[in-house]
Amino acid sequence: MMKRIYQYLLLIALGFSVVTCEDLDTLNQDPNNPQEVPTHMLMNGTQKWIMDNVYDVWFSGRQNLLYAQYWAQRNYTEEDRYQIRESTNNNYFKYLYMGIANLEKIIKLNTDEATAAPNSIYGANVNQIAAAKILKVWLMNIITDTWGNVPYTEIAGLEDGVLYAKYDDQSDIYGWMLEELTDAITMIDESQEAFVSGDIIYGGDASKWKKFGNSLKCRLAIHLSKVDPDWRTYISEAIADGVFEGNGDAAAYKYSTTGTDYCLFYSGFFVSNRNDFTITKPFVDLLQGTKDELNEKSHPWEGTVDPRLKMYTTSVEGAYKGIPYGIPSGNTATLRAGTPNWYAVPPVLLEKDFAVPLMTYAELKFILSEYNNYSESDYKEGIEASINYWSSLAGVAVAQADIDAYVDAVSRNVDAEAVAVQKYIDLYMNGTEAWTEIRRTGYPEQVLRPGEISSLLDIKNDEGTIIRTDEVKFEPLSEVKGDIVARVKYPTDESTLNGVNWTEAVSKLDDGTNNYYTKMYWDVRTSTYDHPANK
C-alpha cells in the first residue's frame, strides 16, 4: 500500500515544476485520476519522499555525510574533495522543493473551507496544518543551510502567477521559519490526533509534534547564537511550552522491512550493489580517543574509547579503523586496507528498517547545555541519552557502569569544545545538521582541513621494498577559502530557467560568483579556529 501511495504522490509532486516552472497551464491532467489525495495519504507519501531524498546515498552519502567527515568514499573520492556533480545538485534542489510543495498542499487542503471538512476525518485540521508546517520548517532549514539565500516567500508553481521565484535573504528566512514554527506550535490541539494514519514519524501524536516543534525552535535559535540577540528568548519560549523530555520523543522516520519501502542507505548498498562508503579515519580516531599525530592535533579525551564506536561501524579482525579522508581516487585501493567493508558486514545504519533521525533528545540537551552557559548536567544527560538511543537502535547493550565511566571521563572540562564535539558524535547519520554545526562552531578540531595530512603512503619499488613515504594531503578540487566547504553552489538549471532571480542571488555572494566559500548568515567565525569560546 505504501508503495502505491508513494508512486501516486510522486505524480502529484511532479505536477509542481517547483522553483523553475515555466508554464503550468500546459500541464495535462488525467481525467481518470482524482485531482486531490486525502491528506493522511499525502502526508504519508510526503514524509517518505522527503526522507528518501535527504537521507540517501547522494544528498547525504555523497554530500552531507562527507562534508561532516563521518563517511568517505572507498573508490571515487571527487565528492569528498568538494567536486559536486551538477546533475545531482540540480535534482536535489528540485526534489527538496517538491517536498515543500506537498507540505503546503496539506496546509491548503486543511485551510480552505471546501476541503477542510472532508479532510478533518483524517485528523484535526489545526493539527494537520501544524505538523505540515513543522516538517516544512525542518526541511526548509536544510535547504537554506545548504545553498544560503533561497526562495521561501515564493515557490514557483505553488502559487497562481508565480513562475519565477525570487531568492530571499537567509537572515529573513530564519526569522520567518521561527515565526512559522511558533504559529504551528500555538495552534496544536493536544486533545486530538494530528493524523489517524499515515504519519510515520509520530503516529499522529499531536503532543509529540508540539515537542518536536519547540525542540526544532531551539535548533534554529542556537544556529543564530552569534547573530541574533534574541536567540535565548526563542529557547526560553520553547522550554516553557514543552520540548523533548526523553529518547521516546525523538523525531525519527523508521523504514519498513516489507516490499520496497526500505531505507535508501540499504538500497544503495544491497539493491544498487554499490560498496562505495565507509567510516572515516578522523571520526574513528575521535571515537577511539586517538590524537592526530600527522597534524599535531590533540584529543579532548585522549585514550578514552567511546561506547558508540561499535554501534556506528564494524570492526575488522577485532580492530576499528577508518579510511583516510579526502584522498585522491588513485590511492583508495591502497589506503582502504583494513577499513570495514560494510557491504560484507553491515552496521545498523544499513538495515532495511533503519530509523533515520530528524532530531534526537540528546541533540536538544547539548543545545540546552550551550544555552545554560555550558551546563554540566545538560551535557552529561545528553551523552547518556545519546548512548542509550544508539544502543537501542543497534541492539548493543552497554552496562550502566560503563556509561557512567565514559561520561565521567569526558566531563572533566565542560566547555564549548566538549559540548560541540559530543553533539557532533551524537549527530552521526544526520550529516545535514553536523555540517551546519562544524561551520557554526569550528569544532571538532579533529575534522580534516584543506592542506592537512590525511595519510602516509608507502611508495615501493618493483621488488616491494619501500623507497619513500609520501604525505597524502586533503586537497579540495573546488576553492573553499576556509576550513571547510561553506555552501553548495546554486544549481545550473536555475541559471537558465530562473535566470533573473538566480543572477541577483549570485550577485550577493562573495566576489559575485556562484562559489563554495560564501559563508552562511550565522557563520561569523573570522579564522579557522576562531571558536565561540575565544570570542
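Rules and cut-offs
Residues numbered from 1 in each chain as written. Predicted model: local features only at pLDDT ≥ 70, side-chain atom pairs only at ≥ 80, totals over all residues. Heavy atoms only, no water. Helix = DSSP H or I, 4+ residues; strand = E, 2+ residues; numbered from the N terminus. Rg over C-alpha atoms; globule rule 2.2 N^0.38 Å. Contact = heavy atoms within 4.5 Å. Areas by Shrake-Rupley, 256 points an atom, 1.4 Å probe, with all protein chains shown as cover. Lys, Arg positive; Asp, Glu negative; His and termini not counted. Charge placed at Lys NZ, Arg CZ, Asp CG, Glu CD. Salt bridge = Lys/Arg side-chain N within 4 Å of Asp/Glu carboxyl O. Buried < 20%, exposed > 50% of the residue type's maximum accessible area, 1.4 Å probe, protein only. Core = buried A, V, L, I, M, F, W, Y, C linked by side-chain atoms within 4.5 Å. Phe/Tyr/Trp six-rings, centres within 6.5 Å; stacked < 30°, edge-to-face > 60°. Lys NZ or Arg CZ within 6 Å of the ring centre and 35° of its normal. Pairing = 2+ DSSP bridges. Axes fitted to C-alpha atoms, helices over the stretch in contact; angles between N-to-C directions. Parallel < 35°, antiparallel > 145°, perpendicular 65-115°, else oblique. Left-handed = near helix turned anticlockwise from the far one by under 90°. Nonpolar A, V, L, I, M, F, W, Y, C, P; charged D, E, K, R; others polar. Arc of directions from axis to C-beta. pLDDT = per-residue confidence, 0-100. Polar contact = N/O pair within 3.5 Å; in protein donor to acceptor, adjacent residues only side chain to side chain.

**Structural notes on the overall build of the protein**
Piece 1. Summing up its helical and strand segments, the protein has 20 helices and six strands in all.
Piece 2. In summary, the protein has a C-alpha radius of gyration of 23 Å against a globular reference of 24 Å for 535 residues, a match within 12%.
Piece 3. Across the protein, the fraction of contacts at a sequence separation of at least 24, relative to all contacts at a separation of at least 6, is 76%.
Piece 4. Total accessible area computed for the protein in this model is approximately 20,300 Å², and 47% of it derives from carbon and sulfur atoms.
Piece 5. For the protein, the distance from the average site of its 47 positive side-chain charges to the average site of its 77 negative ones is 4 Å.

**Re the pattern of salt bridges**
Piece 1. One pass over the full model with this rule turns up 33 salt bridges.
Piece 2. Asp306 is paired through a salt bridge with Arg308; the nearest N and O atoms lie 2.8 Å apart. Arg308 matches Asp306 in its accessibility class, with the two residues each being buried.
Piece 3. A salt bridge links Arg440 to Glu370; the nearest nitrogen and oxygen atoms lie 2.9 Å apart.

**Structural notes on the environment of Phe93**
Piece 1. As for its placement among the helices and strands, Phe93 is situated in helix 4 (residues 86–109).
Piece 2. On the basis of relative accessible area, Phe93 is assigned to the buried category, the value being 2%.

**Structural notes on the nonpolar core**
Piece 1. Core analysis: the biggest nonpolar cluster contains 143 residues, and Trp71, Trp138, Phe212 and Tyr428 have the highest contact counts within it.
Piece 2. No other element matches the 13 residues that helix 6 (residues 125–147) contributes to this core.
Piece 3. In contact with Trp138, other than residues within four places in its own chain, are Ile50, Met51, Val54, Tyr55, Phe212, Leu216, Arg219 and Leu358.

**Description of the packing of aromatic side chains**
Piece 1. Tallied over the entire structure, the rule returns 39 aromatic pairs.
Piece 2. Aromatic side chains Phe269 and Phe270 sit 6.1 Å apart centroid to centroid with 40 degrees between the ring planes, which places their arrangement in the tilted category.
Piece 3. For Phe269, a relative accessible area of 0% gives the class buried.
Piece 4. Residue Phe270 is classed as partly exposed on the basis of its relative accessible area of 24%.
Piece 5. These aromatic residues form a ring-pair network of at least three members: Trp71, Tyr262, Phe265, Tyr266, Phe269, Phe270, Phe277, Trp342 and Tyr343.
Piece 6. Directly above the ring of Tyr490 sits Arg487, whose terminal nitrogen or CZ lies 4.5 Å from the centroid.

**Brief notes about the pairing of strand 5 (residues 453–460)**
The side chains of a regular strand alternate between the sheet's two faces.
Piece 1. Where strand 5 and strand 6 (residues 466–473) come together, seven bridges link them in antiparallel fashion. Residue pairing in the sheet places Ile453 in a bridge with Lys473 of strand 6.
Piece 2. Connecting strand 5 to the next strand, strand 6, in antiparallel fashion are five residues, including Gly464 with a positive phi near 90 degrees.

**Topic: the packing of helix 15 (residues 376–394) against helix 16 (residues 400–409)**
Piece 1. Where helix 15 meets helix 16, the axes come as close as 10 Å, and the angle between the chain directions of the two elements is 140 degrees. Here helix 15 is positioned oblique relative to helix 16, judged by the angle of their axes. For the pair helix 15 and helix 16, the sense of crossing is right-handed. Facing helix 15, whose interface residues are Lys380, Ile383, Glu384, Ile387 and Asn388, helix 16 presents Gln400, Ile403, Tyr406 and Val407.
Piece 2. Residue composition of the contact of helix 15 with helix 16, by class: five nonpolar, two polar and two charged.

**Considerations on helix 9 (residues 231–241)**
Piece 1. Of the positions making up helix 9, those classed as buried are Trp231, Tyr234, Ile235 and Ala238. The buried residues of helix 9 occupy an angular sector of 95 degrees when projected down its axis, which confines them to one face.
Piece 2. Positive backbone phi, approximately 115 degrees, marks Gly242, located one or two places after helix 9.

**Regarding the environment of Ile323**
Piece 1. By the secondary structure assignment, Ile323 is in the loop between helix 12 (309–312) and helix 13 (332–335).
Piece 2. Aside from chain neighbours lying at most four places away, what touches Ile323 is Ala72, Gln73, Arg74, Thr278, Ile279, Thr280, Lys281, Pro282, Leu335, Arg336 and Thr339.

**Some remarks on helix 20 (residues 499–507)**
Piece 1. Within helix 20, the full set of buried residues consists of Asn501, Trp502, Ala505 and Val506. The buried residues of helix 20 occupy an angular sector of 135 degrees when projected down its axis, which confines them to one face.
Piece 2. Those residues of helix 20 that are buried lie in contact with helix 19 (492–497).

**Notes on the confidence of the model for the protein**
Piece 1. Mean pLDDT over the protein works out to 91, with 90% of the residues at or above the 70 mark.
Piece 2. Across residues 1–29, where pLDDT falls below 50, the model places 65 contacts with residues more than four positions away in sequence or in other chains.

**What to know about the packing of helix 14 (residues 361–371) against helix 15**
Piece 1. One way to put it is that helix 14 packs onto helix 15 with a least axis distance of 8 Å and a crossing angle of 165 degrees. Here helix 15 runs roughly antiparallel to helix 14, going by the angle between their axes. Helix-helix and strand crossings are classified by hand; for helix 14 and helix 15 the assignment is left-handed. Here helix 14 contributes Tyr361, Ala362, Lys365, Phe366, Leu368 and Ser369 to the contact with helix 15, which in turn contributes Asp378, Tyr379, Glu381, Gly382, Ile383, Ala385 and Ser386.
Piece 2. Counted by class, the contact of helix 14 with helix 15 contains seven nonpolar, three polar and three charged residues.

**Things to note about the side chain of Ser391**
Piece 1. Tracing the backbone shows Ser391 in helix 15.
Piece 2. At a separation of 2.3 Å, a polar atom in the side chain of Ser391 contacts the main-chain carbonyl oxygen of Val396.
Piece 3. Not counting residues up to four positions away in its chain, the partners in contact with Ser391 are Met311, Val396, Ala397 and Val398.

**A short note on unusual backbone geometry**
Piece 1. Omega for the bond connecting Tyr443 with Pro444 falls within 30 degrees of zero, at -5 degrees, which places this linkage in the cis form.
Piece 2. Tracing the backbone shows Pro444 in the loop between helix 18 (431–441) and strand 5.
Piece 3. Phi at Tyr82 takes a positive value of approximately 70 degrees, unusual for a residue other than glycine.
Piece 4. Here the phi dihedral of Met429 falls at roughly 80 degrees; this positive angle occurs in a residue that is not glycine.

**Points about the side chain of Arg308**
Piece 1. Mapping Arg308 onto the fold places it in the loop between helix 11 (281–288) and helix 12.
Piece 2. A distance of 2.8 Å separates the side chain of Arg308 from the side chain of Ser386, its partner in a polar contact.
Piece 3. A polar contact is formed between the side chain of Arg308 and the side chain of Gln422, at a distance of 2.8 Å.
Piece 4. Those residues in contact with Arg308 that sit more than four places away from it in its chain are Ile383, Ser386, Ile387, Tyr406, Gln422, Ile425 and Asp426.

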